[in-house]
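# Coordinates in review
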Amino acid sequence: MKATIWHNNRCSNSRGALALLQDAGVDVEVINYLDAPPSATELRQLLEEMGLPARDVLRNKEAAYAELELDAKLDDDAALIAAMVAHPSLINRPIVRTAKGTALCRPPEKVLDLID
């Protein structure tokens, strides 16, 4: 099985999900999304695959959240996606995609639903 993980090594949830994937013998493509953020199109695709609105993967504890006044834009997916693309630290993690689906894996054990 192959998986892609949008990963931040400083995040314990992200490290945990990656470890679970590796322990299961999954071939993992690791994307450090802080260095290589998804495009707006890619982020829209991930959200569609997860069946989530943009606000559900938005980190509201980041400084950029307050600076950009995103509280007032929670129903505007386009604005939130643009903010996450410009400030990838706003993207909650880890997001994992396998042949079984795509999910925000918080807690990391949610990744087990995506593998055989």
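Here we summarise the structure given alongside this text. Bear in mind the structure is a predicted one, so any value in this text is a computation, not a measurement. (Residues numbered from 1 in each chain as written. Predicted model: local features only at pLDDT ≥ 70, side-chain atom pairs only at ≥ 80, totals over all residues. Heavy atoms only, no water.)

## Considering the side chain of His7
Inspection of the secondary structure assignment puts His7 in strand 1 (residues 2–7). By relative accessible area, which is 6% here, His7 ends up buried. If sequence neighbours within four positions are ignored, His7 has contacts with Ser14, Arg15, Leu18, Val30, Ile31, Asn32 and Tyr33. (Helix = DSSP H or I, 4+ residues; strand = E, 2+ residues; numbered from the N terminus. Buried < 20%, exposed > 50% of the residue type's maximum accessible area, 1.4 Å probe, protein only. Contact = heavy atoms within 4.5 Å.)

## As for helix 1 (residues 12–23)
In this model helix 1 runs 16 Å from its N-terminal to its C-terminal C-alpha over twelve residues, within 8% of the 16 Å that 1.5 Å per residue would give. Burial in helix 1 covers these residues: Asn13, Ser14, Ala17, Leu18 and Leu21. Buried residues of helix 1, viewed axially, fall in a sector of 130°; they line one side. Contact partners of the buried residues in helix 1: strand 1, strand 2 (27–32) and strand 3 (95–98). (Expected span 1.5 Å × (residues − 1). Arc of directions from axis to C-beta.)

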